[in-house]
Amino acid sequence: MEKTVRSICGFCHTSCGMKVHVHDGKIKRIDGDLDHPVNRGHLCVKAQGIKSLVESEERLKFPLKKTKGGWVRLSWDEALDLAAEKLIEIREKHGPESLVRSSGAPVSYEARDGFLQFMGVYGSPNLTGVSNLCHVPRSVAFMDAFGARPEPDYENAQFIIFWGVNPVNTTRFCSYASYDGYHQIIPRAKERGAKIVVVDPIRSETVSFSDLWIHPKIGTDSALGLSMAHTIIYEDLYDEEFVGQWMIGFEETKRHVEHATPEWAERITSVPTEQIRELARLYATAQGALILDGNGLDMHTNGVDTVRVICMLIALTGNIDKPGGNVFFPFAPQRLLPTVKTGKRRIGWEEFPLFPNCPFPAVKESLLRETSDRPRAMIVHHSNPVLVQANQERTKRALQNLEFLMVLDIFPTATTEIADLVLPSSSDFERVDYRAYSSSRGAYLAFRDKVVEPVGESRSVFEIEYELAKRMGLEKDYPFRNTEEWINFVLEPSHVTLNDLRNHHIIYVTPPVVYKKYQKEGFPTPTGKVECYSERFKNHPCGPLPSFHYPKESHMTHPELSKDYDLMGTSRKPSEFVHTKFRNLPPLCKLYPNPLMMIHPKEAFSRGINQGDSVEVKSPRGRIQVEARITENIPPGLVVIDFGWGNPTDRGASLNILVSDEVWDPISGGYPNRLFLCNIKGLS
Ligand SMILES: Nc1nc2c(c(=O)[nH]1)N[C@H]1C(S)=C(S)[C@@H](COP(=O)(O)OP(=O)(O)OC[C@H]3O[C@@H](n4cnc5c(=O)[nH]c(N)nc54)[C@H](O)[C@@H]3O)O[C@H]1N2
Ligand SMILES: Nc1nc2c(c(=O)[nH]1)N[C@H]1C(S)=C(S)[C@@H](COP(=O)(O)OP(=O)(O)OC[C@H]3O[C@@H](n4cnc5c(=O)[nH]c(N)nc54)[C@H](O)[C@@H]3O)O[C@H]1N2
Ligand code: SF4
Ligand SMILES: [Mo]
């Protein structure tokens, strides 16, 4: 039987619309959906992997329990009974806070909401995952200053700064907003005559579309930003009316950046003084100027303060919620889970009071130190913590200190390998889901229809979650029993049901954007104003205004280590994969078979390394083997290594073996996954 299913690709956050042609329950062809506003028919190379993901022989097909003699297949009843028994026992012995949920990048809303209700009804506030590495560190800064997360308003911008972000490669043009046809954002901006600047230590794919490339030394962006603020204030380029009416602490800010001259910043960042002045002047005087911040800022030990400086620049120039600036787009109202609040304090609340959940280092260190209040059980879903967090060996050791580790995944991974119980999930293409998009034309919801039946005995996360809750006698506080009921429940505030979505596919649920909402409502901060000078940070070592600090592991902070580790290393995400996923899918492996290390010719030639050579990279934590790629896109002194290999189903080395987990950002617990000391040796 032939059918065409209109659905959404779940491979990355962009969530492109697609039409999947299915014959006798098998995917035959996938086309981009011309009517979906996000991609207007376009699909990236990764979509080639969808059929292969669904049909892969390597998929997890039934529950597996680890025993001394190896993995044993269980029925679902046996698996859920085992999980229920363990979790009840652990709660009785150690209290409900001893359970931790660890989730990954919320590329689907199942990933976002899975097991949240369970944590609430079990009684644990301990939510951890990749939030210390991705997005949340930047959100903390924006929420503190503006009370909400603004998004780039490309359609009206004359000046665009891509700062620590590589959207041409990652398609991350925003956090939650969407623009008609993401692949047309840059061409359309250029057509309108907008200037595009990229701030990135390496010549990224996005640099080739820019008018100006600013390349500070890695991890020094806050010095660059503070000196831009200095120029804007001391050259009287700031928006006097906005600052006077809406910004808290202008005088303190002015004093705070007095020393931060472009000359000072040049010494730190190596960006020429005149270039800093030019950038500050262009940004402050353009009609509609925006900054898109990216993940390149998160995984540094000074990441939150860097983004607080970016917020300062947005506020000083009044480029907030005005056309062409950073704007609060309407979003679709949705219910937040869990509905049951525990009222308890989360692990790490004392050390990380400004962070909204448990940063992974707090969980990891308590496991390694074996503190009496350490976690005893963990549920991992949509995540691969062993490969994505810093210092792989210590992450593994920490998780092995748990009494019970349950992992839900679709493939065997480096994390399922150390689990006690592995539960097979159905993939995004084997169940329904939805996606909410914000845009200047209003917020809308889109339906992700089921394309094929679940593989093997795999089940959706909500079904597994509810069945487990039921076995533990916790179901009375569950407002949903499966995926369909979850959708109806969380979408109630939008007055849209699953059936509405099924029938219409895309439904607008708010009016178009309104600019300068603050003039009527104020900002959603305690004072109603922009709080660049922050009362909440006053009692924190970081202080009420953001400052520059050198990254904690670098040649700048540890010159004594440069004899043994003469290079600095950073990481990148290849466009063919997402994090640790898809390297076992033949169509994508063919495009990009091995993990690479990019190196400047000067560094390569002085070490006798040639293109394609096998190279050993060694850091104070460990060593890995990668393939050398010689390129002038990388500055001398730095090597760039691909992140994401290391699963049992690929043959590559995991970069995070090399990264330090002894230092982190004091606000977010962000590990320095973007910066480590290393040396290299040619092997061939
Ligand atoms: N193909 C692909 N797409 C993806 C993903 C993927 O893994 N693969 N992951 C998805 C996810 S979860 C995320 S969070 C996004 C991330 O997407 P982006 O926000 O675009 O982040 P990255 O590509 O990780 O890094 C952006 C840039 O930051 C630069 N950078 C590193 N250190 C610094 C620094 O100190 N200063 C400055 N100014 N720049 C620096 C890097 O050189 C890089 O070019 O991508 C999403 N899309
Ligand atoms: N050095 C370095 N480290 C990094 C980064 C970097 O650029 N450099 N990037 C960081 C960033 S931005 C992020 S967001 C994190 C990502 O960290 P994670 O989100 O933990 O990484 P993923 O590889 O996306 O892991 C997702 C897992 O979910 C599984 N999965 C896929 N579909 C489903 C499903 O439908 N159901 C279930 N149950 N499981 C599913 C996949 O098989 C995979 O094992 O890594 C961070 N770590
Ligand atoms: S992986 Fe590619 S096709 Fe799929 S949602 Fe992301 S950008 Fe779209
Ligand atoms: Mo991410």
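In the block above lies the structure referred to throughout.
A quick note: this is a predicted structure, and the numbers were derived from the prediction, not measured.

J.: So what's going on with the site of ligand 1? Residues and values would help.
T.: Around ligand 1, the structure places 30 residues, and the nearest of them are D200, D221, F577, H579 and R674. Here G164 contributes a backbone N or O atom positioned 3.4 Å from an oxygen atom of ligand 1. A distance of 2.8 Å separates an oxygen atom of ligand 1 from a polar side-chain atom of K573. Against a free-state accessible area of 910 Å², the protein chains account for coverage of 97% of ligand 1. Tallied by class, the residues present in the shell around ligand 1 amount to 11 nonpolar, 13 polar and six charged.

J.: An account of empty space enclosed by the protein is needed here, citing residue identities and associated values.
T.: The rolling of a water-molecule-sized probe over the atoms marks out the regions of remaining empty space. In total, this model carries five cavities of 30 Å³ or more according to the counting rule given. In this structure, the largest cavity spans a volume of roughly 90 Å³. Contributing to the lining of the largest cavity are C9, F11, C12, T14, S15, C16, L43, C44, K46, A47, T171 and Y182. For the lining of the largest cavity, the residue count by class is eight nonpolar, three polar and one charged.

J.: Provide a residue-level description of the sheet that holds strand β1 (residues 2-8), including the pertinent values.
T.: Within the open sheet, the three strands sit side by side as β1-β2-β3. Their pairing is antiparallel. Here the strands that pair on one side only, and so sit at the sheet edges, are β1 and β3 (26-32). On average, each strand axis in the sheet is tilted by 25° relative to the strand beside it, whichever way the strands run. Sheet topology note: the β1/strand β2 (residues 17-23) ladder contains seven bridges and is antiparallel. Within β2, the position partnered with S7 by the bridge is M18.

J.: Break down helix α16 (residues 392-400) for me, citing the residues and quoting the values.
T.: Structurally, the α-helix is built with 3.6 residues per turn, so residues lying three or four positions apart point the same way. Regarding α16, the residues found buried are Q392, R394, T395, A398 and L399. The arc enclosing the buried residues of α16, seen along the axis, measures out at 165°, which places them on a common side. Among the structural elements, α14 (360-369), β14 (377-381), α15 (385-388) and β15 (404-409) are those in contact with the buried residues of α16.

J.: Which residues make up the site of ligand 3, and what values go with them?
T.: All residues adjacent to ligand 3 are C9, F11, C12, T14, S15, C16, L43, C44, K46, T171 and Y182. Looking at side-chain class alone, the shell around ligand 3 contains seven nonpolar, three polar and one charged residues.

Definitions and limits used
- Residue positions are given per chain, counting from 1 as you read along its sequence in written order.
- Starting at A for chains and at 1 for ligands, labels are handed out in the order in which the entities are written.
- Selection of residues for local features in this predicted model requires a pLDDT of at least 70, selection of side-chain atom pairs for listing and counting requires 80 or more, and totals for whole chains, interfaces and linings are taken over all residues.
- Computation of side-chain values: all heavy atoms of the structure, hydrogens and water removed.
- Residue proximity to a molecule or strand is established when one non-hydrogen atom of the residue lies within 4 Å of it.
- Within 3.5 Å is the distance limit for a polar contact, defined as a pair of N or O atoms, with the added protein rule that one can donate a hydrogen and the other accept it, and that residues adjacent in sequence qualify only through two side-chain atoms.
- Using a 1.4 Å probe, the Shrake-Rupley method yields the accessible areas, and only the shown protein chains count as cover for residues.
- Residue polarity follows a fixed list, in which Ala, Val, Leu, Ile, Met, Phe, Trp, Tyr, Cys and Pro are nonpolar, Asp, Glu, Lys and Arg are charged, and the others, Gly among them, are polar.
- Cavities and pockets are found on a 1 Å grid laid over the protein atoms alone: a cavity is a set of points where a 1.4 Å probe fits but cannot escape, a pocket is an open set with protein on both sides within 12 Å along at least five of seven lines, and a lining residue has an atom within 4 Å of such a point.
- Grid points are joined across faces, edges and corners, and a volume is the space filled by probe spheres set on the points.
- Whether two strands pair comes down to DSSP finding at least two bridges between them.
- Helix and strand labels come from DSSP, where a helix needs a run of H or I of at least four residues and a strand needs a run of E of at least two; each type is numbered from the N terminus.
- To obtain each axis, a line is fitted to C-alpha atoms, and for helices this fit is confined to the stretch in contact; angles are then taken between N-to-C directions over 0 to 180 degrees.
- The buried label goes to any residue with under 20% of its type's maximum accessible area, the exposed label to any with over 50%, and the partly exposed label to all in between, with areas taken from a 1.4 Å probe on protein chains only.
- It is the directions from the helix axis to the C-beta atoms that the arc portrays.
- In what follows, a contact means two residues having at least one pair of non-hydrogen atoms within 4.5 Å.

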